[in-house]
Amino acid sequence: MAGPGESVRQLDHRNSDGVEVTLNYLPGQDPPIRVDVVDAKQNHTFSFKVAGGLALEAFRHPFAHAAHQGIETQPAVQVEAA
């Protein structure tokens, strides 16, 4: 999930029950840490940035950290017209 010209260094990665979490270091950016989440079961992805001191906690608990930042962690429910 790197943007154009964005230098990214992967620090850690895990996959559990269809949810992939990647911890990335973004040199020169503030905050320098980005967590990318891919939830294959929900067909949903999201990312958020945190300060370096929160990196491991955010990697271990990405849904809680994303919610704290107001980031939607579940796909929008689509209602079909009747």
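The shown structure was predicted, so the numbers you read here are calculated from the model rather than taken from an experiment.

Caption draft 1: How the structure looks around the overall build of the protein. In terms of helices and strands, the protein carries two helices and four strands. Along the protein, helices and strands appear, N-terminal first, in the series β-β-β-β-α-α. Split into buried and exposed, the 82 residues of the protein put 28% on the buried side. Within the protein, contacts between residues separated by at least 24 positions form 27% of all contacts whose residues are at least 6 apart in sequence. Taken as a whole, the protein presents about 5400 Å² of accessible surface, with 50% of it coming from carbon and sulfur.

Caption draft 2: Up close: the environment of Pro31. Secondary-structure assignment places Pro31 in the loop between β2 (19-25) and β3 (33-39). The spacing of Pro31 and Gly52 is 21 residues in sequence and 7.2 Å in space, taken between C-alpha atoms. Among residues more than four places away in sequence, those in contact with Pro31 are Lys49, Val50 and Ala51.

Caption draft 3: Local environment of unusual backbone geometry. Residue Pro31 is reached from Asp30 by a cis peptide bond, and omega for that bond is 0°. Residue Asp17 is not a glycine yet carries a positive backbone phi of 55°. Positionally, Asp17 belongs in the loop between β1 (9-16) and β2. For Asn43, which is not glycine, the phi dihedral falls at a positive 50°.

Caption draft 4: Quick look at the sheet that holds strand β4 (residues 44-50). Spatially, β1-β2-β3-β4 is the arrangement adopted by the four strands of the open sheet, whose pairing is antiparallel. The open sheet has two edge strands, β1 and β4, and neither has a second partner. Ignoring strand direction, the axes of neighbouring strands in this sheet form an average angle of 15°. Bridging between β3 and β4 involves seven bridges; their strand directions are antiparallel. Counted as the bridge partner of Val37 is Phe46 from β4.

Caption draft 5: The arrangement of the packing of aromatic side chains in detail. Tallied over the full model, the rule gives two aromatic pairs. Centroid distance Phe46 to Phe48: 6.5 Å. Interplanar angle 15°. Geometry classified as stacked. Neither Phe46 nor Phe48 differs from the other in exposure class; each is buried. Taking the centre distance of 5.4 Å and the plane angle of 70° together, the rings of Phe46 and Phe63 count as edge-to-face. Pair noted here: Phe46 is in strand β4 and Phe63 is in helix α2 (residues 62-68), with a separation of 17 residues, a long-range link. Residue classification places Phe63 among the partly exposed residues on the basis of a relative accessible area of 29%. Over the ring of Phe59 we find Arg14, and its NZ or CZ is 5.2 Å from the ring centre.

The rules behind each value
- Residues numbered from 1 in each chain as written.
- Predicted model: local features only at pLDDT ≥ 70, side-chain atom pairs only at ≥ 80, totals over all residues.
- Heavy atoms only, no water.
- Helix = DSSP H or I, 4+ residues; strand = E, 2+ residues; numbered from the N terminus.
- Buried < 20%, exposed > 50% of the residue type's maximum accessible area, 1.4 Å probe, protein only.
- Contact = heavy atoms within 4.5 Å.
- Areas by Shrake-Rupley, 256 points an atom, 1.4 Å probe, with all protein chains shown as cover.
- Pairing = 2+ DSSP bridges.
- Axes fitted to C-alpha atoms, helices over the stretch in contact; angles between N-to-C directions.
- Phe/Tyr/Trp six-rings, centres within 6.5 Å; stacked < 30°, edge-to-face > 60°.
- Lys NZ or Arg CZ within 6 Å of the ring centre and 35° of its normal.

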